[in-house]
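# Tertiary structure, described
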Amino acid sequence: MSQDPIPCAKCKNPVELGSQYFPFCCERCKMSDLGHWMSENYRISRNLDHRDVDSFDPTIDHPDFDADLDSSVD
Ligand SMILES: [Zn+2]
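Since the structure is predicted, the reported quantities are computational estimates derived from the model, not experimental observations.

Along the backbone of the protein chain there are 3 helices and 2 strands. Beginning at the N terminus, the succession of helices and strands in the protein chain can be written as β-β-α-α-α. When burial is assessed residue by residue, the protein chain has 12% of its 74 residues classed as buried. Once local pairs closer than 6 in sequence are excluded, the contacts in the protein chain between residues at least 24 apart make up 27%.

Among all residues save glycine, negative phi is the norm, and among peptide bonds the norm is trans. Residue phenylalanine 22 is joined to proline 23 through a cis peptide bond whose omega torsion reads 5 degrees. Despite not being glycine, lysine 12 shows a phi value in the positive range, around 70 degrees. Summarising the element assignment, lysine 12 is placed in the loop between β1 (6-7) and β2 (14-15). Using a count of 10 C-beta atoms within 10 Å as the deciding quantity, one classes lysine 12 as exposed.

Right, let's get into the nonpolar core. Ranked by size, the top nonpolar core spans 5 residues in total: Cys8, Val15, Phe24, Cys25 and Cys29. The contact partners of cysteine 8, leaving out residues within four places of it in the chain, are Asn13, Val15, Phe24, Cys25 and Cys29.

With respect to the element layout, leucine 17 can be found in the loop between β2 and α1 (27-45). For leucine 17, a count of 10 C-beta atoms within 10 Å translates into the label exposed. Sequence separation between leucine 17 and proline 5 is 12 residues, and the spatial gap between their C-alpha atoms is 7.8 Å.

Criteria and thresholds
Residues numbered from 1 in each chain as written. Predicted model: local features only at pLDDT ≥ 70, side-chain atom pairs only at ≥ 80, totals over all residues. Helix = DSSP H or I, 4+ residues; strand = E, 2+ residues; numbered from the N terminus. Buried ≥ 20, exposed ≤ 12 C-beta atoms within 10 Å, placed from the backbone. Contact = placed C-beta atoms within 7 Å. Core = buried A, V, L, I, M, F, W, Y, C linked by C-beta atoms within 7 Å.

This is the structure:
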């Protein structure tokens, strides 16, 4: 038998051994966790405003913001 799969630190899906995203299953989960940590850090230092949102690196996925937009649309 092979080793038990390691659960993704974000979504608990099995993570491939040697994955470049370890301990996450994919880039989305890794970026999601990082983005959450970053947003928490921003909140601690000061409040977010529109300029902060505009200055965010657009190459980084921010699922927390996406979730908020989706819930408001629905
Ligand atoms: Zn995952």
